[in-house]
Amino acid sequence: MATAHGTAHSSFSGTKGGSEHFIAVSAPPQASLEEQISHVEARYNDMVKSLGLEPETAVFRRLFVSDAMNQASLVTRTALAGETPGSPVAVSIIQQPPLPGSKISMLAYHLKSAAPLKKQRLSKSHVVVEKNGLRHLWSTRLCASDDIGEHTAEDQTRQVFDDLIGTLKGQGGTLRDDCVRTWIYLKDVDVFYQGMADSRRELFARHGMNGSSHYIASTGIEGACAHRHDLVAMDAYSVMGLKPQQVSYLNDFDHLNLTRDYNVTFERGTRIAYADRSHYFISGTASIGRNGEVVHKGDVMRQLERALENVDALLRSGGAGLEDMKYLIVYLRDATDYARIRQYLDLHHAGLPVFIVEGAVCRPEWLVEVEGIAVAVNDDPTLPAF
């Protein structure tokens, strides 16, 4: 378990696709930003060495910061946002204050395989990783860079997706066929979520995604990039070269309904199957019932239990379970709920890398939301290796 000043990791080693490593590092809240960055760098380097990972195995890092407008310029000049020459790393920097009061925490993803990864930076926001004939596109810090505030949340949603769509097109891919996961951050989710959701729904329809096809696993949550007038920012993960039989979508109708039932367009979760493993991308999941209602209004602890129950149900619909989660991100509307949430997770999910950050959910009645990635064993030699 990652504590307020600790480090945690989880790993998966397969028979064909190498090993995957998820590393969580948090900083002591009483220190300055510079001291916290140094702490995270040192703990991260120690963990990388202890796992026997070379710097070139780094694929993705997400840096949660407490004040992006004032901190991003410093953070981007540090090793946390850096990369080995010739081996780019996709780095996300998002304002979601780490609890219980740190200025920075980090999630890192490393991939170790027999053959060196072939990585290419396509632009400041896009890194492609080639492995076993597949191209994994990691897209981070997509935003409008709106300096004068002339664009609405709807406009900015179109802009960030257009950036992703154009990059996918340049790689021979499409949003519908190749994008697996998005993380959408809204500066004031209570105000701007609906505009984003409406714009996304219209954009998806234009690109052939509707209730008869599929959508994309996603989290839409409060967060901000470093630009003052940006209302919407996004990270995304896409895989080009997957076979149709490798992709399936997760749901359990005893627990949750389809998102389209309340006029939003995302998948509850997406499973990508490989010869020796399956990846499960769990969307932001709250205390929601089978009819789309908010369950346990006003009770953050029971909402957390229900959200985790829903995640487990989603995973079990695809042959996995909560025990296969490699990390959890927990978003809290009210930071004062931190201590009880932390105590519960320490008791019931000890050892799992957990990030607890301040971030309001799309409905005010939802006090907590969870998401993450699971990796579970799969045994299907007819599928490609990861």
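Residues numbered from 1 in each chain as written. Predicted model: local features only at pLDDT ≥ 70, side-chain atom pairs only at ≥ 80, totals over all residues. Heavy atoms only, no water.

Remarks on the sheet that holds strand β4 (residues 90-95)
Pairing is mixed in the open sheet, where five strands are placed in the order β1-β2-β5-β3-β4. Each having just a single partner strand, β1 (7-13) and β4 make up the two edges of the open sheet. Across the sheet, the axes of successive neighbouring strands diverge by a mean angle of 10°, strand direction being ignored. As paired elements, strand β3 (residues 58-65) and β4 share six bridges and run parallel to each other. The partner of L63 across the bridge, within β4, is I93. (Pairing = 2+ DSSP bridges. Helix = DSSP H or I, 4+ residues; strand = E, 2+ residues; numbered from the N terminus. Axes fitted to C-alpha atoms, helices over the stretch in contact; angles between N-to-C directions.)

Details of the pairing of strand β2 (residues 19-26)
In terms of burial, β2 is largely enclosed, as eight of its eight residues are buried. Hairpin connection from β1 to β2: five residues lie between these consecutive antiparallel strands, with G18 at a positive phi of about 85°. Both β2 and strand β5 (residues 104-112) contribute to a ladder of eight bridges, which runs antiparallel. Looking at the pairing, A24 lines up with L107 of β5. (Buried < 20%, exposed > 50% of the residue type's maximum accessible area, 1.4 Å probe, protein only.)

As for the environment of E293
Locating E293 in the fold gives a position in the loop between β14 (277-285) and α6 (300-317). C-alpha of E293 to C-alpha of L256: the two residues are 37 residues apart in sequence and 9.2 Å apart in space. If we skip the residues at most four places from it in the chain, E293 touches S287, I288 and R363. Engagement of the side chain of E293 in a polar contact is seen with the backbone nitrogen of N291, the distance being 3.0 Å. (Contact = heavy atoms within 4.5 Å. Polar contact = N/O pair within 3.5 Å; in protein donor to acceptor, adjacent residues only side chain to side chain.)

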